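Here are the chains, one letter per residue:
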Amino acid sequence: MNLPNKLTVLRVLMVPFFVLFMLTDLGGVANKWIALAIFVVASLTDLLDGKIARKYNLVTNFGKFMDPLADKLLVCSAMICLIEKGSLAAWIVIVIIARDCKALSEAVERAHNVGIRVISYDRMVNDADTDMYISFDNRKVGEVMAQSMMEAIPNGGKIFMVQGSASDNNVDMVKEGFEDTLKNSDLKVVYEANCEGWVAELAADYVEEALEEYPDVKGIMCGNDDIASQVIQVLAENQLAGQVIVVGQDGDLAACQRIVEGTQYMTAFKSIEDLACQAAEYAVKMAEEGKLPSDVTDTMNDGSYDIPAKVLEPVAVTRDNIDEVIIDGGFHRRDEVYLNTDYDTE
């Protein structure tokens, strides 16, 4: 077992000790400080295992499976313990970013039982009846991905879909928008895969597998720009980078660099700053007023309940508008975006 995997296992083993010191008097008055120290150390292992694995090429299937599982165990345990101890006052609004959209349903229920309001941020917590959901229009993300592919591949052809985690509600909405938009086109999805836990490295194996059967692929839809980076690396190794249309989402700096270089066609840009600011504003309003703000009028289904929702629009960024949207908008600097291309940054 390599070092990153050992750090992941250590994080899992630390969870019961964290819970023990949080919910018992084993350590006396020092309980909360011991629990805090354990949580901090466990969080540091999360930071280190991924960095070491990527830097020294120590990524393993065991690590891909266990790392997100360890994260969920730690975060869910901390939230449940705080609610059980009454450390979260009833007026507090919890804003949850759910990496696994099914894992936090029980924690949300416990929060509701003690009067705490919960906002699903970016990803919906499934079957949990949260008080509000704020995110981007993920169906629209799928639509702009499909529209970009249709524009770039007017004569049609075979395409792959390499998506994010199947347990992520956002993935379902993106897929729905993408497939519905393609219905009247000549583009045909011939291969489909999911990167569970949003582990981007899995995409490389998927694309290698797909290329063996469909070497004449015309385009690849990627769940996000991180997945796109792995896909484009495989395409480059097969002398296909720049020839196969690749679309992603998020507006990552590396994706913007690839767009001006010509190896990625489009990224569905979502301003995280705008999303975070609006989420904070709604959280404060709900905490102060004790009710949902009146301007939240849409709803989204979490699998069991219709949740009040606020959705923001994504923007399709290509080489044609990257200066206007990304650079002029202040999201990335010109010299960063054009780092690897011949461009006058003066």
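Residues numbered from 1 in each chain as written. Predicted model: local features only at pLDDT ≥ 70, side-chain atom pairs only at ≥ 80, totals over all residues. Heavy atoms only, no water.

Re the pattern of salt bridges
Operational definition: The term salt bridge refers to a side-chain nitrogen of Lys or Arg lying within 4 Å of a carboxyl oxygen of Asp or Glu. For helices the rule is a DSSP run of H or I covering at least 4 residues; for strands it is a run of E covering at least 2, with both sets numbered from the N terminus onward. Categorising residues by exposure relies on relative accessible area from a 1.4 Å probe, with only protein chains included: less than 20% of the type maximum marks a residue as buried, more than 50% marks it as exposed, and the intermediate range marks it as partly exposed.
Using the criterion set out here, one finds 18 salt bridges in the structure. For Arg 334, the salt bridge is made with Asp 323, and the minimal N-O distance between the two is 3.4 Å. On the criterion of sequence distance, the pair formed by Arg 334 in helix α12 (residues 334–337) and Asp 323 in helix α11 (residues 322–327) is long-range, its members being eleven residues apart. Looking at Arg 334, the relative accessible area reads 26%, which means it is partly exposed. Several salt bridges converge on common partners, so that one network encompasses Arg 139, Lys 140, Glu 143, Glu 176, Asp 180 and Lys 183.

A look at the side chain of Gln 163
This is how the line gets drawn: The contact rule is simple, with two residues in contact once any of their heavy atoms fall within 4.5 Å.
Looking at where Gln 163 falls in the secondary structure, it is placed in strand β4 (residues 157–163). Of the residues examined, Gln 163 reaches a relative accessible area of 2% and is grouped as buried. Leaving out residues up to four positions away in the same chain, Gln 163 has contacts with Val 171, Lys 175, Glu 192, Ala 193, Asn 194, Cys 195, Met 221, Gly 223 and Ile 227.

Looking at the packing of helix α5 (residues 138–152) against helix α6 (residues 169–182)
In plain terms, the rule: Helix axes use the C-alpha atoms of the stretch in contact, all axes being lines fitted to C-alpha atoms, and the angles between their N-to-C directions lie in the range 0 to 180 degrees. An angle below 35 degrees is read as roughly parallel, one above 145 as roughly antiparallel, one from 65 to 115 as roughly perpendicular, and any other as oblique. What makes a crossing left-handed is the near helix being turned counterclockwise from the far one by less than a right angle; a clockwise turn instead makes it right-handed. Throughout, the ten residues Ala, Val, Leu, Ile, Met, Phe, Trp, Tyr, Cys and Pro are labelled nonpolar, Asp, Glu, Lys and Arg are labelled charged, and all others, Gly among them, are labelled polar.
Where α5 contacts α6, the two axes come as close as 6 Å, and the packing angle between them is 40°. Put simply, α5 runs oblique to α6. As for how α5 packs across α6, the hand of that crossing is right-handed. Packed against α5, whose contacting residues are Asn 138, Arg 139, Val 141, Gly 142, Glu 143, Met 145, Ala 146, Gln 147, Met 149 and Met 150, the element α6 presents Asn 170, Met 173, Val 174, Glu 176, Gly 177, Phe 178, Asp 180, Thr 181 and Leu 182 at the interface. Looking at side-chain class alone, the contact of α5 with α6 contains nine nonpolar, six polar and four charged residues.

Things to note about the packing of helix α1 (residues 3–23) against helix α3 (residues 61–84)
Interaxial distance between α1 and α3 falls to 9 Å at its minimum, and their mutual angle equals 10°. In terms of their interaxial angle, α1 and α3 are classed as roughly parallel. Judged by the sense of rotation from one axis to the other, the crossing of α1 with α3 is left-handed. Its residues assigned to classes, the contact of α1 with α3 shows 15 nonpolar, four polar and four charged.

Some thoughts on the packing of aromatic side chains
So the rule is basically this: What counts as a ring pair is set by centres within 6.5 Å for rings of Phe, Tyr and Trp (its six-membered ring), and what kind of pair is set by the plane angle: stacked under 30 degrees, edge-to-face over 60, tilted for all other angles.
Tallied over the entire structure, the rule returns four aromatic pairs. Measuring from ring centre to ring centre gives 5.6 Å for Phe 18 and Phe 39, while their planes differ by 45°; the resulting arrangement is tilted. Of the two residues, Phe 18 sits in helix α1 while Phe 39 sits in helix α2 (residues 31–55), which places them 21 residues apart along the sequence. Among the residues examined, Phe 18 registers a relative accessible area of 5% and is labelled buried. The structure contains a cluster of three or more aromatic residues connected by ring pairs, namely Phe 160, Tyr 191 and Tyr 214.

Details of the environment of Met 145
Among the structural elements, Met 145 can be located in helix α5. Classification of Met 145 as buried rests on a relative accessible area of 0%. On a C-alpha basis, the gap between Met 145 and Val 174 in space is 8.9 Å, while along the polypeptide they are 29 residues apart.

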